[in-house]
Amino acid sequence: MSARDEKPETEETDARSQTLMRGVAPITLRDRLSVLAAAPMAPRAAQKRCDMGLFDLESRRQIDLVDELRRLDLKTARNP
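Here we summarise the structure given alongside this text. The shown structure was predicted, so the numbers you read here are calculated from the model rather than taken from an experiment.

1. Remarks on the pattern of salt bridges
Counted by the stated rule, this structure contains two salt bridges. Salt-bridge contacts for arginine 70 lead to aspartate 67; the nearest nitrogen and oxygen are separated by 3.9 Å. A residue pair is termed a helical-turn pair when its members lie 3 or 4 positions apart in one helix, as arginine 70 and aspartate 67 do in helix 2 (residues 65–78) at three residues. Arginine 71 is paired through a salt bridge with glutamate 68; the nearest N and O atoms lie 2.6 Å apart. Taken together, the residues span about one helical turn, with arginine 71 and glutamate 68 both in helix 2 at a distance of three residues. With a relative accessible area of 43%, arginine 71 lands in the partly exposed category.

As C-alpha cells, then:
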C-alpha cells in the first residue's frame, strides 16, 4: 500500500471537517487544556492601585524619622 492509497486523517472542528496532512496529529482536548494552563494568569477585571503600606509611593517621599534624628545629631555635634 503506497502513501497515495492511504486515506488521510480528518478532524471535526467548528468549521466542519478538516483533512490533516500526513504526519500531523489532530489537536486533542488535552492539548488545548495544556496550552491554557501554561498561559500567564491575567486579571478578569481592571485592577486598582495598591496605595497603602509597603506599596504606597507617596509615603516613600516622606522623611524617615531615623534619618532626621541622625541629621539633627550631626547638626548639634557641629554646633555645640
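2. Thoughts on the side chain of glutamate 11
Note on placement: glutamate 11 falls in strand 1 (residues 10–13). Arginine 32 is the oppositely charged side chain nearest to the buried, salt-bridge-free glutamate 11, at an N-O distance of 4.5 Å. Within polar-contact distance, the side chain of glutamate 11 engages the backbone nitrogen of isoleucine 27 at 2.9 Å. Setting aside chain neighbours within four positions, we find glutamate 11 in contact with Arg16, Ser17, Gln18, Leu20, Pro26, Ile27 and Arg32.

3. Focus on unusual backbone geometry
In this model, arginine 16 sits at a positive phi of 90°, which is unusual for a non-glycine residue. By the element assignment, arginine 16 lies in strand 2 (residues 16–19). Among the residues examined, arginine 16 registers a relative accessible area of 67% and is labelled exposed.

4. Focus on a nonpolar patch on the surface
Together, Leu29, Leu33 and Leu36 give the surface a local cluster of nonpolar side chains, amounting to about 340 Å² of exposed area. Assignment of secondary structure puts leucine 29 in helix 1 (residues 29–38).

5. Some details on helix 2
Here helix 2 spans 20 Å end to end across 14 residues, near enough to the 20 Å set by a 1.5 Å rise per residue. Counting buried positions along helix 2 gives zero out of 14 residues, so the element sits mostly on the surface.

6. Quick word on the pairing of strand 1
On a regular strand, one side chain projects to one face of the sheet and the next to the other, so that they alternate. Taken together, the four bridges between strand 1 and strand 2 define a ladder with antiparallel strand orientation. Note that in strand 2 the partner of threonine 13 across the bridge is arginine 16. Linking strand 1 to strand 2, which pair antiparallel, is a turn of two residues.

7. Concerning the layout of surface pockets
Taken as a whole, the largest pocket encloses approximately 170 Å³ of empty space. If you trace the largest pocket, you find 10 residues lining it, with Glu6, Lys7, Pro8, Glu9 and Arg22 closest to the centre. Among the residues making up the lining of the largest pocket, the classes are represented as five nonpolar, one polar and four charged.

Reading the values: the criteria
Residues numbered from 1 in each chain as written. Predicted model: local features only at pLDDT ≥ 70, side-chain atom pairs only at ≥ 80, totals over all residues. Heavy atoms only, no water. Salt bridge = Lys/Arg side-chain N within 4 Å of Asp/Glu carboxyl O. Helix = DSSP H or I, 4+ residues; strand = E, 2+ residues; numbered from the N terminus. Buried < 20%, exposed > 50% of the residue type's maximum accessible area, 1.4 Å probe, protein only. Lys, Arg positive; Asp, Glu negative; His and termini not counted. Polar contact = N/O pair within 3.5 Å; in protein donor to acceptor, adjacent residues only side chain to side chain. Contact = heavy atoms within 4.5 Å. Patch = residues over 30% accessible without salt bridge, like charges linked within 9 Å, V, L, I, M, F, W, Y side chains within 5 Å. Areas by Shrake-Rupley, 256 points an atom, 1.4 Å probe, with all protein chains shown as cover. Expected span 1.5 Å × (residues − 1). Pairing = 2+ DSSP bridges. 1 Å grid on protein atoms, 1.4 Å probe; cavity = no way out; pocket = protein on both sides within 12 Å on 5 of 7 lines; lining within 4 Å. Points joined across faces, edges and corners; volume = space filled by probe spheres on them. Nonpolar A, V, L, I, M, F, W, Y, C, P; charged D, E, K, R; others polar.

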